[in-house]
Amino acid sequence: MTRPLGRSPAWIVVLIGLIYTGLMLISGPVLAEGIDPPLLTESILRERLNAIDRDGEPAVIDLTNFNIDLRRSYKRDSGEPFVDYFYQQLQQHLKTTYPVPGLDLSGSQIQGVFRIQPLSLDVPLYGQQLSLLLSEDERKQLDRDRRRRSQLQQLAITVLSNSPTSTHRDFQVRIFRGKLKLNKTHFFDQVDWSNTFFLSGVDAQGAVFETSLRGLESRFSQNFNFNQAQFLDSVSFHNSIFFTDSSWTQSQFSGETDFTGAVFEGSGDFRKSRFKTLANFEASKFIKTADFSQTTWNSRANFAKTKFVQALYLTNALILDRFSFRDAQFLNAVNLREASFQKLLDFSDAQFTSDAYINISNLTFDASDAQLIGNPGKIGKVLSIPTLQGNENLLINLVRNFRELEQIEDANQVNYKRVVLVQRDLFKRVFASNLNTASRETLRKIGLSQTQISEIIQHRQEQLFSSLSEILSLESVSLNTYTQVRDRLIAASPTTWKSRLSLSSKLLFITLLLALSRYGTSFALMMGVGAIAIAYFGCLFWLIDRYRRHRPQPILPTVFEISCMGITTGILGLLGIISIFQSSPQPWLTFTCLGVVMFPVPGLLTFRIYQQGRYHDLMNVSYFVEDGAFRELRLMISRLPIMPRFPFFRDRFEPILSDRRWGWLNYYDFSLNNLLKFGFNDIRLRDKHIPGLITALAWYQWGIGILYISLLFWTLSRTIPGLNLFLYL
């Protein structure tokens, strides 16, 4: 037997009511999202226009959250197209009133072509009529654009001058005076802003453009905000000018993007945007910072002939197709830090000023599939990598990239920069203080406070530092402190004196190669070093051989010989010095290395020769002999500086002719034989009645020559593709 409905328990009714209320609260916003905004009708438009408060600041025509149908098929009650009435009513407020109200279409859905021209004011570019139509501020803003258009207008006047109806009044500029707000506005059809000067700002954050947006030759005087906008079709701002900052962060460009000839006088901010098809910025100009950080490029990007006055940022950018900077101009840095490209990054014919460089720290690419190209001999010089850590693989890929392109000079330049970073790292490991072993006093001298030192010691007692950046995790260490001490500290495992000695030896070896040959990349530097060494040793051997004693019978060179040797030694030395200053990145270090080689040992031997005096037979005969069988330019890699032992070969050697006017050239020839292993005559030391110190000096130069010719062959093999001169050793 059932209970009557009216006698049901009250708590069941309450429970049903609570469930219904909860469902309405939860589903209300969801249901509201599916409801289309109300249709903008004739009466609503009239009501909104009448509601404009011109006394407030700023005045605005509020058409937010409407469905605005601008298609010709949508009619008024009178049967006329609503779109004509829409533009006619807005014209009366946007053209003829002052102050001009803004137009707010935020949140609205607009169907049909949205054109800005009917809402704009056509004013003459020249003449007195301009002052009657605009305010003082508007005239000033418009004057900013006159200079840019004057040459084009003058050209047009010349072309049209044959027509009797052509006058200055033929040239007008279209101006939209109010601020345009399009936050989250949805355009279903084309948007046309062509040839329009926007005197106030444009705010279109989160707007959606289903079809094309045309902004050809437009001007934007105030801030331009298109953050998080979605462009589902083509976008064109060809020859447009953005006078102030323009922001496009997190925007989606699904169709072709055309910014050819555009000028960004303010910063251009495209951070976190995505370009799915061709992005064309050819011949554009960025006066201030161009920021494309964290952008994604699914298709080709063209920045050919673009000019970047300030820095260009492509930090963390993902480039999946060809990216061209051909003929671009860079007046400041290009930042490609942690970017990645998979096909082609083209800097061909790009121009870099002395302050411009490309920061490629942590750049990622596969040298087997992707290529970085630029002008041979130039692109390698502008690449910049500040640290070795994290860039080892990048440097290897770059060297491989340029060698595959047969740009050997650029490959050597990159390799040279790699070795410089290795040298810097070795220098720190040898001379910098180890954060894991440094004493309190050492840390204090470096510039750390007592609080910071205590935290560092406590941390390393628990766990050693694996990298220097770990000190930033300490509460008392700021980024400023880290920047100040990072060049004087390292974080490494404790080292023994043997490992430190090994590192020091490696550092010394690399430093010598850098100072004398730029690590095998500069033939000019090697020839400069060789010219100085040949001149010095040639003059030294001439002095020892020709200047023997004053008494009892003087054995001295003639004035003519002294003049010839002095002049030629000076010329060769000067040429070598000039070459070193032009080729060496550290010329004084190069001169120091030369001084260490040329002065201590040869100077000591020469001093001892003259201190001891010479008392032996054949005092009037030269210490040097030549092979009289041949007079020819020959390569003498295996030749030794002393006479052969076998009598048959010894008979071919005769003392050099010292009484001839050209006899002083033999000493340069002997120095050339010892150092470069080739010469015009085979000149050697005699092996009878000769002081041992002179023989030691000759062998010393010969030994230096072995090292020099090896370094020279290594340099030539690295700078000339396919050449391996070590086959001749």
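A quick note: this is a predicted structure, and the numbers were derived from the prediction, not measured. (Residues numbered from 1 in each chain as written. Predicted model: local features only at pLDDT ≥ 70, side-chain atom pairs only at ≥ 80, totals over all residues. Heavy atoms only, no water.)

S.K.: Requested: an account of the overall build of the protein chain, with residues and values cited.
M.R.: Scanning the protein chain from terminus to terminus reveals 19 helices and 49 strands. Expressed as a percentage of its 729 residues, the buried residues of the protein chain come to 48%. Counting contacts in the protein chain only where the partners sit at least 6 residues apart, residues at least 24 apart contribute 54% of the total. If you sum the accessible surface of the protein chain, you get close to 37,100 Å²; carbon and sulfur atoms cover 55% of it. (Helix = DSSP H or I, 4+ residues; strand = E, 2+ residues; numbered from the N terminus. Buried < 20%, exposed > 50% of the residue type's maximum accessible area, 1.4 Å probe, protein only. Contact = heavy atoms within 4.5 Å. Areas by Shrake-Rupley, 256 points an atom, 1.4 Å probe, with all protein chains shown as cover.)

S.K.: Tell me about the sheet that holds strand 45 (residues 624–627), residues and numbers included.
M.R.: Strand order across the open sheet formed by three strands is 47-45-49, with antiparallel pairing between neighbours. At either margin of the open sheet sits one strand with a lone partner, and together these are strand 47 (653–655) and strand 49 (683–685). Recorded for the sheet is a direction-independent mean angle of 40° between the axes of neighbouring strands. With three bridges connecting them, strand 45 and strand 49 associate as antiparallel partners. In the sheet register, F624 faces strand 49, and the bridge partner there is L685. (Pairing = 2+ DSSP bridges. Axes fitted to C-alpha atoms, helices over the stretch in contact; angles between N-to-C directions.)

S.K.: Quick one: what's the story with the packing of helix 16 (residues 600–612) against helix 19 (residues 692–719), residue by residue and with numbers?
M.R.: Running from N to C, helix 16 and helix 19 point in directions that differ by 165°, and their axes come no closer than 9 Å. With respect to each other, helix 16 and helix 19 are oriented roughly antiparallel. Seen from above, helix 16 lies across helix 19 with left-handed handedness. On helix 19, the residues that touch V601, P602, L605, T606, R608, I609 and Q612 of helix 16 are L693, I694, A696, L697 and Y700. Among the residues forming the contact of helix 16 with helix 19, the class breakdown is nine nonpolar, two polar and one charged. (Parallel < 35°, antiparallel > 145°, perpendicular 65-115°, else oblique. Left-handed = near helix turned anticlockwise from the far one by under 90°. Nonpolar A, V, L, I, M, F, W, Y, C, P; charged D, E, K, R; others polar.)

S.K.: Quick rundown of the packing of helix 12 (residues 497–517) against helix 13 (residues 523–546)? Include the residues and the values.
M.R.: Interhelical geometry of helix 12 versus helix 13 gives an angle of 90° and a closest axis separation of 7 Å. On the basis of the axis angle, helix 12 is roughly perpendicular to helix 13. Only L525, M526 and V529 of helix 13 make contact with helix 12, whose side of the interface consists of L514, A515, L516 and S517.

S.K.: Which residues make up the side chain of S240, and what are the values?
M.R.: Structurally, S240 is set in the loop between strand 18 (235–236) and strand 19 (241–242). By relative accessible area, which is 0% here, S240 ends up buried. Filtering out sequence-adjacent residues up to four positions away, S240 remains in contact with G215, L216, E217, S218, R219, G261, A262 and V263.

S.K.: Please set out the side chain of N335 residue by residue, giving values where relevant.
M.R.: Looking at where N335 falls in the secondary structure, it is placed in strand 36 (residues 334–335). A polar contact is formed between the side chain of N335 and the backbone nitrogen of R337, at a distance of 3.0 Å. Excluding residues that lie within four positions of it along the chain, N335 makes contacts with L312, Y313, L314, T315 and N359. (Polar contact = N/O pair within 3.5 Å; in protein donor to acceptor, adjacent residues only side chain to side chain.)

S.K.: Which residues make up the packing of aromatic side chains, and what are the values?
M.R.: Describing an aromatic ring pair means giving the distance of the ring centres and the angle of the ring planes. On inspection of all chains with the given rule, the structure shows 78 aromatic pairs. Ring geometry for F224 and W248: centres 5.0 Å apart, planes at 45°, overall tilted. Remark: W248 occurs in the loop between strand 20 (246–247) and strand 21 (252–253) and F224 occurs in strand 16 (residues 224–225); sequence separation between them is 24 residues. The exposure class of W248 is buried, given its relative accessible area of 0%. Note that R548 overlies the ring of Y623, its terminal NZ or CZ placed 4.0 Å from the centroid. (Phe/Tyr/Trp six-rings, centres within 6.5 Å; stacked < 30°, edge-to-face > 60°. Lys NZ or Arg CZ within 6 Å of the ring centre and 35° of its normal.)

S.K.: Please set out the sheet that holds strand 5 (residues 114–115) residue by residue, giving values where relevant.
M.R.: The ten strands lie next to each other as 5-10-14-18-22-26-30-34-38-41, forming an open sheet whose pairing is parallel. In this open sheet, the two strands that pair with only one neighbour each are strand 5 and strand 41 (371–374). Relative to strand 30 (residues 301–302), strand 26 (residues 279–280) is paired through two bridges, and the arrangement is parallel. Within strand 30, the position partnered with A279 by the bridge is A301.

S.K.: I'd like a description of the confidence of the model for the protein chain, backed by residues and values.
M.R.: Summarising the model, the protein chain shows a mean pLDDT of 84, and 86% of its residues fall at 70 or more. Residue range residues 159–170 is modelled with pLDDT below 50. Its contacts to residues more than four positions away, or to other chains, number six contacts. (pLDDT = per-residue confidence, 0-100.)

S.K.: Can you break down the layout of surface pockets residue by residue, with the values?
M.R.: Taken as a whole, the largest pocket holds about 960 Å³ of empty space. Around the largest pocket, the lining is made up of 27 residues, and of these T387, Q389, D425, K428 and L468 lie nearest the centre. For the lining of the largest pocket, the secondary structure elements donating two or more residues are helix 8 (408–431), strand 44 (489–490) and helix 12. Among the elements that take part in the lining of the largest pocket, helix 8 stands out by supplying five residues, more than any other. In terms of residue class, the lining of the largest pocket is built from ten nonpolar, nine polar and eight charged. (1 Å grid on protein atoms, 1.4 Å probe; cavity = no way out; pocket = protein on both sides within 12 Å on 5 of 7 lines; lining within 4 Å. Points joined across faces, edges and corners; volume = space filled by probe spheres on them.)

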